[in-house]
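# A structural walkthrough
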Amino acid sequence: MTNSTEHSSLRPDGKPLLGVFVAGSGTDVGKTVCTGALLRELRQAGFAVQAVKPVQTGVLAAEIASSPLSDARVYGKALEGVESLVGLPAAAVLHCFGLPASPHLAAAKEGKRLDCQNLRKDILAHWNVVSAKAFLLEGAGGLHVPLNEDEDMLDLMSMLGLPVFLVGGNYLGGLNHILLSVEAILHRGLSLAGIALVPASDPAMGCPGVDVAGLLTDNAHILQKKLERLGCAIPLVEISRVEKLDQAGWEKLACQLRPAAKRIASNWPTAGQESSEQLSEEESLVQRDRSSVWHPYASATNFPPLNAVKRTFSNRIVLADGKELVDGMSSWWAAIHGYNHPRLLDALHAQAGRMPHVMFGGLTHEPAVALAEKLLDIVPEGLERVFFADSGSVAVEVALKMALQYQQSRGETQRTRFLTPRRGYHGDTIGAMSVCDPVTGMHSLFSAMLPEQLFMERPSCRFDQPFDPACLNDARQILAMHGKEIAAVILEPIVQGAGGMWFYHPEYLRGLAQLCREADTLLIFDEIATGFGRTGKMFAAEWADVRPDILCCGKALTGGMLTLSATICSGHVASGICQDGGVFMHGPTFMANALACAVARASLDVLASGDWQQQVNSLESALREGLAPCQNLPGVADVRVLGAIGVVEMLEPVNTHSLQKFFVKQGVWLRPFNRLIYLMPPYVTPKEDMLRLCTAIEGALRQGAHLS
Ligand code: PMP
């Protein structure tokens, strides 16, 4: 089995990556000198810290110790006269390029490409082998210095999640760069550990006759006010000019940075406290949760196990104790691009600044219109109208109401029931529940108020086996008998999700669509789980080349960032409802929420420009390969894979809680239910993480973690 601590921010001894990221408001603002002075101060205070430069440019590897451009050389000088720590060098440089330029250019010159995932791995690999208490990680230049065409230093900082110490150039015009940097850091959810204002060598910058010193004092004042408004109680250190960086000069700087160094180190647990302190943070959150919050499908008194999450990035979930989990669920199948995708975050921030929300009755806005247009471009042809709602369940309610209103408007008032296959799942609201599986769904609890629907056999013909037309017999019979009462047939195309993770034959959908036409009833596809590429097609309907009259989507619509759904109907349904002055009677307060629409549009842009098809294909191969060993294990009924969905179906229900404990220990996040252990990972999941997910399942079954 793969080592579960590999690429995790925990060392094998359980210690999470500790330290601070030293970033600059620009290039040449004094970042390296501040890092050196912090290093000196912290070492003198007894902390075994190391300055780590993930990327050094302008220096050849052989000249790290000697080149005047080498930051490692500066760190070494900063420690002059400080007792050396045996076995812990002052500095480490992880990547070195000769060209004195931005990391992406310097790397490209040597035929290399840097990326955040690998830089993070290199930093963690170094953390795993070096005996440092904490790192002072120094970036290169400002926050948005590119690491490649897509990623920059801020992306790396986000992935690491360390507090940031910002070094700002204190010159005329410098305040602007500092405030922009503060904003960018806080927008990424990173915390500020402190700010140093460093005087430029020529602070006047060609402004003769101006009281530069006075203006620069005002910089500190404005910055202090801004930090107060943001609620950031952090040290703001005004560094004074040091004429000569000899030992006394370094000592002077170290002294000035003492409050900042103290603050930084105050976040590091002392020996003995280490894991207990982190643990208590998690425990206290779970305790607070238990006295105030109710969780899904859970008891409010007999508490289910809970893990407190601190942050997320890419395909990772980071727990409060620093443990990092490889996500195999995409947060209930929604986070297809992984977490904190920068394009989605940018869209969210931009829209938040412009207009977070406005009512949709009598008003419209660009994010909603553009999203509707984009959706109509990708859904099966013939679907023409988009109705936005807040969640998957509500999208289903809307679809059912549309079907009923459509039938009423054409005089078919007796068509008030819905036909749906057994083992389906469509949500937890009343109407949606009424079309969920009558046995595994929640009918028994709510039968007093659920409308009685018609149920037919589930589509029994497997996706990967020759089609047997007999599997449509039940549908044919019920439609023949009750056709005139049926407003619509509703089902999840190709994949029945929460009702059993069952993959069925596309030919079934073609046959069913034909039967619906013959019975003159509507066909509703619930693509809330299958939409946006999950099955290997943009929409699962494409497997059968069938166009429904109404299609519901949600979940991955916003890339899993915000709640939004859409019910999209044909022109025929829309014009039917609206004939003779008819209107559709639904209108949620948060309909077409502008933030959610803007993020959804960005998510569709990522899908349009990215390689989701190729990513889903690779996940499918990885799932087939990785889950194959489970096929013959005792207790396994079936292993099946379609697109980015992998399922291990057991003969008996599994113990979800004990399995989940096992999985978290292995560093993966999966949430099995009933007899199903399944994976729906984000499309960006790397192959090695797919292997970790699959081996965790195999390991659980071999060790019987599903039984206990
Ligand atoms: N339909 C399907 C097919 C689903 O999988 C789900 C959620 N699992 C829903 C509807 C309900 O969506 P939501 O949880 O957003 O209400």
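The protein is annotated in an unreviewed UniProt entry as Multifunctional fusion protein from Desulfovibrio intestinalis. For the protein, the Subcellular location (unreviewed entry) comment in UniProt is given as "Cytoplasm".

### Focus: the sheet that holds strand 5 (residues 164-170)
Neighbouring strands of a sheet are bound in pairs by backbone hydrogen bonds; such pairs are parallel or else antiparallel. Spatial ordering of the open sheet is given by 3-2-4-1-5-6-7, a layout of seven strands whose pairing is parallel. At either margin of the open sheet sits one strand with a lone partner, and together these are strand 3 (91-97) and strand 7 (236-238). Strand-to-strand, the axes of this sheet are offset by a mean angle of 20 degrees, without reference to chain direction. The sheet contact formed by strand 1 (residues 19-24) and strand 5 spans four bridges and is parallel. Looking at the pairing, G24 lines up with V167 of strand 5. Sheet contacts for helix 1 (residues 31-44): strand 1, strand 2 (49-57), strand 4 (134-138), strand 5 and strand 6 (192-199); angle to strand 2, the most-contacted strand, approximately 160 degrees.

### Some points on the UniProt feature "binding site: substrate" (unreviewed entry) in the protein
Residues annotated by UniProt as "binding site: substrate" (unreviewed entry) correspond here to T57, W332, Y425, K555, G587 and R671. With the annotated positions falling across 615 residues, the maximum pairwise C-alpha distance of 56.7 Å shows that they are not confined to a single cluster. With sequence-adjacent residues up to four places away left out, Y425 is seen in contact with Y297, C436, M442, E492, A498, G499 and D526. Within polar-contact distance, the side chain of Y425 engages the side chain of Y297 at 3.3 Å. Within the secondary structure layout, K555 lies in the loop between strand 18 (550-553) and strand 19 (565-570). Residue contacts for K555: discarding those within four places in its chain leaves W332, W333, A334, I528, A529, G560 and L564.

### Re the packing of helix 17 (residues 473-482) against helix 18 (residues 506-519)
Where helix 17 contacts helix 18, the axes come no closer than 10 Å and their chain directions differ by 10 degrees. Between helix 17 and helix 18, the crossing angle belongs to the class labelled roughly parallel. Judged by residue contacts, A475, R476 and L479 of helix 17 engage L512, L515 and A519 from helix 18. Among the residues forming the contact of helix 17 with helix 18, the class breakdown is five nonpolar, no polar and one charged.

### A short note on a nonpolar patch on the surface
On the surface, a nonpolar cluster with roughly 390 Å² of combined accessible area is contributed by I430, L445, F446 and M449. Topologically, L445 is positioned in helix 16 (residues 443-446).

### Considerations on the site of the ligand
Residues in close proximity to the ligand include W333, S391, G392, S393, Y425, H426, G427, E492, D526, I528, A529 and K555, which together make up its full environment. Between the ligand and the protein, one listed contact pairs an oxygen atom with a side-chain N or O atom of S393 at 2.6 Å. For the ligand, a nitrogen atom lies 2.6 Å from a polar atom in the side chain of D526. Here the ligand has 390 Å² of accessible area as a free molecule, and 82% of this is covered by the chains. Of the residues contributing to the shell around the ligand, the split by class is four nonpolar, five polar and three charged.

### Section: the sheet that holds strand 20 (residues 636-642)
With respect to topology, three strands assemble into an open sheet ordered 20-21-23, the strand pairing being antiparallel. Each edge of the sheet is formed by a strand with only one pairing partner; in this case those strands are strand 20 and strand 23 (676-679). Strand-to-strand, the axes of this sheet are offset by a mean angle of 10 degrees, without reference to chain direction. Most of the contacts of helix 21 (residues 612-627) go to strand 20, to which it runs at about 160 degrees, and overall it touches strand 20, strand 21 (645-650) and strand 23. Contacts between helix 23 (residues 687-703) and the sheet are confined to strand 20, strand 21 and strand 23, with strand 23 contributing the most and set at about 165 degrees to the helix.

### So, the state of the cysteines
Under the criterion given, the structure shown has zero disulfides. With no disulfide of its own, C436 lies closest to C552 among cysteine sulfurs, the gap being 12 Å. Judged by its relative accessible area of 1%, C436 is buried. The cysteine C516 is free of any disulfide, with C471 supplying the nearest cysteine sulfur at 14 Å.

### A look at the UniProt feature "binding site: pyridoxal 5'-phosphate" (unreviewed entry) in the protein
This chain's UniProt record puts "binding site: pyridoxal 5'-phosphate" (unreviewed entry) on G392, S393, D526, P588 and T589. Sequence-wise these annotated residues cover 198 residues; spatially they are dispersed, their C-alpha atoms as much as 23.0 Å apart. Apart from residues no more than four positions distant in its own chain, S393 is found in contact with H426, G427, D428, T429 and A432. Here T589 shows up in the loop between helix 19 (571-578) and helix 20 (594-609).

### Some remarks on the nonpolar core
Among the nonpolar cores identified, the biggest contains 85 residues, and F135, L156, M157, F165, I195 and L257 are the most heavily contacted of them. Among the nonpolar cores identified, the runner-up in size contains 84 residues, and C553, L619, C630 and L670 belong to it.

### Let's talk about the side chain of R640
Turning to its location among the elements, R640 is positioned in strand 20. Separated by 2.8 Å, the side chain of R640 and the backbone oxygen of M501 make a polar contact. In contact with R640, other than residues within four places in its own chain, are R462, G500, M501, W502, F503, I645, G646, V647, E649 and L676.

### Concerning the pattern of salt bridges
Side chains that differ in charge, positive against negative, can pair when their charged atoms come close. Per the counting criterion, the structure on display carries 27 salt bridges. We note a salt bridge from D71 to K53, for which the minimum N-O separation is 2.7 Å. On the criterion of sequence distance, the pair formed by D71 in helix 2 (residues 71-78) and K53 in strand 2 is long-range, its members being 18 residues apart. Residue D71 is classed as buried on the basis of its relative accessible area, which comes to 11%.

### Some words on the packing of aromatic side chains
Each aromatic ring pair is summarised here by two numbers: the centre-to-centre distance and the angle between the ring planes. Under the criterion given, the structure shown has nine aromatic pairs. Between W333 and Y678, the aromatic rings sit 5.9 Å apart at their centres with planes inclined by 85 degrees, giving edge-to-face as the arrangement. In this pair, W333 sits in helix 11 (residues 330-333) while Y678 sits in strand 23, placing the two residues 345 residues apart along the sequence. Looking at Y678, the relative accessible area reads 2%, which means it is buried. Seen in terms of ring centroids, F463 and W543 are 5.1 Å apart; in terms of plane orientation they differ by 85 degrees. Their pairing is edge-to-face. Taken together, the residues span a long stretch of sequence, with F463 in the loop between strand 13 (454-456) and helix 17 and W543 in the loop between strand 17 (522-526) and strand 18 at a distance of 80 residues.

### Things to note about the packing of helix 1 against helix 2
Relative orientation of the contacting elements helix 1 and helix 2 amounts to 35 degrees, with a least axis distance of 8 Å. When you trace helix 1 past helix 2, the crossing you get is right-handed. Residues T32, T35, G36, L39 and R40 of helix 1 lie in contact with helix 2, whose contacting residues are D71, V74, Y75 and A78.

### Considering unusual backbone geometry
In this structure, Y297 takes a positive phi of about 50 degrees despite not being glycine. With respect to the helices and strands, Y297 occurs in the loop between helix 10 (274-292) and strand 8 (309-313). For A592, which is not glycine, the phi dihedral falls at a positive 55 degrees. Secondary-structure assignment places A592 in the loop between helix 19 and helix 20.

### A short note on the confidence of the model for the protein
Chain-level statistics for the protein give a pLDDT mean of 93 and a share of 96% at 70 or above. Residue range residues 1-7 is modelled with pLDDT below 50. Its contacts to residues more than four positions away, or to other chains, number 18 contacts.

Procedures and definitions
- Residues numbered from 1 in each chain as written.
- Predicted model: local features only at pLDDT ≥ 70, side-chain atom pairs only at ≥ 80, totals over all residues.
- Heavy atoms only, no water.
- UniProt positions renumbered as here; feature names shortened; annotations may be inferred.
- Pairing = 2+ DSSP bridges.
- Helix = DSSP H or I, 4+ residues; strand = E, 2+ residues; numbered from the N terminus.
- Axes fitted to C-alpha atoms, helices over the stretch in contact; angles between N-to-C directions.
- Contact = heavy atoms within 4.5 Å.
- Polar contact = N/O pair within 3.5 Å; in protein donor to acceptor, adjacent residues only side chain to side chain.
- Parallel < 35°, antiparallel > 145°, perpendicular 65-115°, else oblique.
- Nonpolar A, V, L, I, M, F, W, Y, C, P; charged D, E, K, R; others polar.
- Patch = residues over 30% accessible without salt bridge, like charges linked within 9 Å, V, L, I, M, F, W, Y side chains within 5 Å.
- Areas by Shrake-Rupley, 256 points an atom, 1.4 Å probe, with all protein chains shown as cover.
- Salt bridge = Lys/Arg side-chain N within 4 Å of Asp/Glu carboxyl O.
- Near = heavy atom within 4 Å.
- Disulfide = S-S within 2.5 Å.
- Buried < 20%, exposed > 50% of the residue type's maximum accessible area, 1.4 Å probe, protein only.
- Core = buried A, V, L, I, M, F, W, Y, C linked by side-chain atoms within 4.5 Å.
- Phe/Tyr/Trp six-rings, centres within 6.5 Å; stacked < 30°, edge-to-face > 60°.
- Left-handed = near helix turned anticlockwise from the far one by under 90°.
- pLDDT = per-residue confidence, 0-100.

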